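Residue-level structural notes
Next come the chains, spelled out residue by residue.
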Amino acid sequence: MSDSPKPVLEVENLSVRFPSQRGEVAVVDGLSFQLRAGESLVIAGESGSGKSMACRTLLGITPDSSRVDADRLDWKGQGLLALDRAGWNALRGAEIAMIFQDPAAALNPLITVETLISDAIRQHRGGTRAEVRARTIEALSRAGFPEPEFRMKAFPGELSGGLRQRVAIALALSCEPSLIIADEATTNLDVSIQAQIVELLRFLQADLGLALIFVTHDLGLAREIGGDLMVMYAGQAVEYGRVPEVLEDPCHPYTRGLLRSAPTMASDRNTPLQPIPGTAPRPGEAAGGAPFRARCPVAMERLCERENPGWTRVSDTHRVACHRFAAEGRGGVQ
Amino acid sequence: MTPIFEAIGVNRTFTLRRGGKVSRIRAVQDVSLQLDRGEIVGLVGESGSGKTTLSRIMIGIERADSGEIRYQGRAVEPKKGFAALRREVQYVFQDPYNALCPTMRIGDALAEPLIIHRIAGRAERKQRVERMLSMVGLHADIARRLPRQLSGGQRQRVNLARALMLEPKVLICDEIVSGLDVSVQAQVLQLLLGLQQELDLSMLFISHDLRVIKYLSQRVYVMYRGQVVEQGATEKVFSAPSHSYTQKLLHAIPGREYPVPAGAQGRSENAGGTG
Ligand SMILES: Nc1ncnc2c1ncn2[C@@H]1O[C@H](COP(=O)(O)OP(=O)(O)OP(=O)(O)O)[C@@H](O)[C@H]1O
Ligand SMILES: Nc1ncnc2c1ncn2[C@@H]1O[C@H](COP(=O)(O)OP(=O)(O)OP(=O)(O)O)[C@@H](O)[C@H]1O
Ligand SMILES: [Mg+2]
Ligand SMILES: [Mg+2]
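This structure is a prediction, so every number in the text was calculated from the model and none was measured.

Our focus in this paragraph is the overall build of chain B. A tally of regular secondary structure across chain B gives nine helices and 10 strands. Relative to its length of 275 residues, chain B is compact, with a C-alpha radius of gyration of 20 Å against a globular reference of 19 Å. Overall size of chain B, expressed as C-alpha extent along the three principal axes, is 55 × 50 × 45 Å. Expressed as a percentage of contacts within chain B between residues at least 6 apart in sequence, the contacts between residues at least 24 apart total 66%. Of the accessible surface of chain B, which amounts to about 12,500 Å², a share of 47% is contributed by carbon and sulfur atoms.

What follows is the structure, encoded as structure tokens:
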């Protein structure tokens, strides 16, 4: 690619901490990434590794008890950490929208789908009654919501899980934001509707320069989204690269373990799946050394205990945080 | 053999009345489904095709317009009959967020079914809670937390743990592994297979992930617009689907056209066992 435009999102050394019985612990620990208009970042990783919490910092909606720090957390050059309430309100929904892992959180059970989406459109984009209605219907049908003219009169409780998820997607799309954060946004959808949503997101990226953060556990789906892939473990990024690079040439022992445990259409119960042995560390427990060390088949005794591995370059676009890889290359993590 | 749990000719239509207009949604149309003892049955289908509604009818928290639910060969009476099954038939909800009481600590939520059914004293309850948490890959620490202090996948596992506390005979799981990373998912799937073998647990497993269904279930039902359009041995349905919707689903599995990553498979030696 020729000289690329400036990133719209710049994150450096982002952390989120919570008070705990063992003192303050980080659930997001030193994340750095960038995103340009039209590009996408897929975040995958361990359950509880801080994916949702990291996303929440971009909307200023981490829990009250949390402390967010970053050397830089900039949206289009503007520092997000310094924003006041009015600043956030102008940004949320209009510039940056999030599709929550928990659609129930975004959908008020007492408000119909139509009211929910048309209120958002009125607030951020304005327009006459007829225009707002037309845009509401358009947003819903783009998200694959069936018979929107009629079914938008429904309350969330009258919809199936997947229909609720499509309402949440429509809500995020409705104000034409520049960045969409999709947190497990398609997990309740059958694969054919999932494919339709992915298609739509791709179109918005190519046509309107939408930037996308896509959190998923489905590595096949990560392939379909493309762009960069960040693999997280215990609050930290352990591998980062273009999606096909990371999935075809996984260099971190955690990424490798993850790929080994995924079922495919070829697997059946006669060849048991191989989960990574052991349990994920508690928040704070992995601090200091390499976060994956306690479960890592190739951990280096002293080094991984004591020192957090920095990034090692795999290619221009691919890096890994692993002492073993740094010392011995691919042979060491096989 | 009499099926342990069975739906026969179940129908459910929802009526929506808004601004003078009335519309009917035929959520479940003449659906019959059998679950044999010790069997895992998969239920897949279009989003909105009636899977959750059917399973809610089967456990008696949603009314059927017509049709019958049988448990161990006997028709279950509305209300009373279902109340009697509450211990033996457990349901894990699709939506892990609303299933837990927001002000109750996880440990108490897990111990609650034991208290209600007067099983185990205080000390043993605590032990059982910790053992169950570790079976689903969570630390005992989680017991002190509130639901909102957990990640999505952690909450999903707490819900499963809660359903398993009473060692049910039948388990209905509605989309319970979609929010888990594939390693934890593998752990949960192995756990469920283990329970099937050890406790002769029967399971109805609803999922959009055909790879998971293929791995776990012996038979599968495919629903489309409220009806069962295809059923049979999972192997057979997935290798030679007869209904066009099943074919469409199998065609849309994400990432299916990409090769399995080289370094990811093989390596049969198990690094360090499961300790
Ligand atoms: N309010 C809170 N107080 C303390 N800890 C919290 C709170 N909310 C979340 N956590 C912890 O922070 C960590 C990160 O949570 P997060 O929701 O970001 O995980 P995640 O990567 O999105 O996981 P999943 O894939 O399961 O959704 C988890 O260990 C979780 O238990
Ligand atoms: N209480 C209700 N009132 C009106 N309509 C309802 C109600 N509950 C469900 N429906 C409708 O019935 C249909 C079937 O819903 P159901 O939740 O059973 O689908 P599902 O197969 O579980 O879908 P998903 O995969 O999206 O979870 C949907 O169109 C849904 O909107
Ligand atoms: Mg999450
Ligand atoms: Mg459902």
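The next subject is the overall build of chain A. Helix and strand content of chain A: 14 helices and 13 strands. A compact globule built from 334 residues would reach a C-alpha radius of gyration of about 20 Å, and chain A, at 21 Å, matches this within 12%. C-alpha extents for chain A along the principal axes are approximately 65 × 50 × 50 Å. Within chain A, buried positions represent 57% of all 334 residues. Considering only residue pairs separated by 6 or more positions, chain A has 61% of its internal contacts joining residues 24 or more positions apart.

All names here are of chain A. In terms of residue burial, strand E3 (residues 40-45) counts as a mostly covered element, since six of its six residues are buried. Residues Ser40, Val42 and Ala44 point to one face of E3 and Leu41, Ile43 and Gly45 to the other, with burial holding for every one of them. The pairing of E3 with strand E9 (residues 211-215) spans four bridges and is classified as parallel. In the strand pairing of E9, isoleucine 43 is matched with valine 215. Strand direction decides the pairing type here: E3 and strand E10 (residues 228-233), joined by five bridges, are parallel. Across the sheet, alanine 44 pairs through a bridge with valine 231, a residue of E10.

Membership of the largest hydrophobic core comes to 70 residues, with the highest contact counts inside it found for Ile99, Ile117, Leu140, Val167, Phe214, Leu229 and Tyr254 of chain A. Top element by residues in this core is helix H7 (residues 161-174) of chain A. It accounts for eight residues. Among residues more than four places away in sequence, those in contact with leucine 140 of chain A are Val113, Ile117, Phe145, Pro148, Met152, Val167 and Ala170 of chain A. Membership of the second largest hydrophobic core comes to 57 residues, among which are Val191 of chain A together with Leu110, Leu138 and Cys173 of chain B.

Okay, the site of ligand 2 next. Around ligand 2 sit 21 residues in total, of which Gly162 of chain A together with Ser47, Gly48, Thr52 and Thr53 of chain B are the nearest. Residues close to ligand 2 are split across chains A and B. The contact in question runs from an oxygen atom of ligand 2 to an N or O atom on the backbone of glutamate 158 of chain A, over 2.9 Å. Taking serine 47 of chain B, its side chain carries an N or O atom lying 2.7 Å from an oxygen atom of ligand 2. Mapped by element, the contributors of at least two residues to the shell around ligand 2 are H7 of chain A together with strand E2 (21-35) and helix H1 (51-58) of chain B. Its residues placed into classes, the shell around ligand 2 shows five nonpolar, 12 polar and four charged.

This paragraph deals with the sheet that holds strand E3 (residues 40-45) of chain B. Residue and element names in this part refer to chain B. With respect to topology, six strands assemble into an open sheet ordered E6-E7-E8-E3-E9-E10, the strand pairing being mixed. Two strands in the sheet have a free side with no partner beyond their single neighbour: strand E6 (89-92) and strand E10 (227-233). The sheet shows a mean angle of 15 degrees between the axes of neighbouring strands, taken without regard to direction. Examined bridge by bridge, E3 and strand E9 (residues 219-224) share five bridges and lie parallel to one another. In the strand pairing of E9, glycine 42 is matched with valine 220. The strands touched by helix H9 (residues 244-251) are E3, E9 and E10; relative to E9, the strand with the most contacts, the crossing angle is about 105 degrees.

Attention now goes to helix H4 (residues 122-135) of chain B. Since the α-helix advances by 3.6 residues per turn, residues separated by three or four positions end up pointing in the same direction. Residues and elements named next belong to chain B. Taking 1.5 Å per residue as the helical rise, H4 with its 14 residues ought to reach 20 Å, and the 20 Å between its terminal C-alpha atoms agrees with that figure. Of all the positions in H4, only Arg125, Val129, Met132 and Leu133 are classed as buried. Looking straight down H4, one finds that the buried residues subtend no more than 100 degrees of arc, so they occupy a single side. Facing away from the buried surface of H4 by more than 90 degrees, the exposed residues are Ala123 and Gln127. Contacts made by the buried residues of H4 are with helix H3 (106-116) and helix H5 (152-164). Of the residues one or two after H4, glycine 137 is the one with positive phi, at around 80 degrees.

This next bit is on the coordination of the magnesium ion (ligand 3). Six octahedrally arranged donors around a metal ideally form angles of 90 or 180 degrees; four tetrahedrally arranged donors ideally form angles of 109.5 degrees. Residues and elements named next belong to chain A. Listed as protein donors to the magnesium ion (ligand 3) are Ser52 (OG) and Gln101 (OE1); their distances from the metal cover 2.0 to 2.3 Å. Of this pair, serine 52 sits in helix H1 (residues 51-57) while glutamine 101 sits in the loop between strand E7 (96-99) and helix H3 (103-106), and the two are 49 residues apart along the sequence. By relative accessible area, serine 52 is classed as partly exposed at 22%. Classification of glutamine 101 as buried rests on a relative accessible area of 17%.

The local shell around ligand 1 holds 22 residues, among which Gly48 and Ser52 of chain A together with Arg145, Ser151 and Gly153 of chain B are the closest. Per-site note: the chains with residues close to ligand 1 are chains A and B. Histidine 217 of chain A places a polar side-chain atom, nitrogen or oxygen, 3.1 Å from an oxygen atom of ligand 1. In the complex, 94% of the free accessible area of ligand 1, which totals 640 Å², lies under the protein chains. Elements supplying a minimum of two residues to the shell around ligand 1: H1 of chain A together with H5 of chain B. Its residues assigned to classes, the shell around ligand 1 comprises six nonpolar, 12 polar and four charged.

Parameters and conventions
Residues numbered from 1 in each chain as written. Chains lettered and ligands numbered in written order. Predicted model: local features only at pLDDT ≥ 70, side-chain atom pairs only at ≥ 80, totals over all residues. Heavy atoms only, no water. Helix = DSSP H or I, 4+ residues; strand = E, 2+ residues; numbered from the N terminus. Rg over C-alpha atoms; globule rule 2.2 N^0.38 Å. Contact = heavy atoms within 4.5 Å. Areas by Shrake-Rupley, 256 points an atom, 1.4 Å probe, with all protein chains shown as cover. Buried < 20%, exposed > 50% of the residue type's maximum accessible area, 1.4 Å probe, protein only. Pairing = 2+ DSSP bridges. Core = buried A, V, L, I, M, F, W, Y, C linked by side-chain atoms within 4.5 Å. Near = heavy atom within 4 Å. Polar contact = N/O pair within 3.5 Å; in protein donor to acceptor, adjacent residues only side chain to side chain. Nonpolar A, V, L, I, M, F, W, Y, C, P; charged D, E, K, R; others polar. Axes fitted to C-alpha atoms, helices over the stretch in contact; angles between N-to-C directions. Expected span 1.5 Å × (residues − 1). Arc of directions from axis to C-beta. Donors = N, O, S within 2.8 Å, 3.2 Å for Na, K, Ca; no water.

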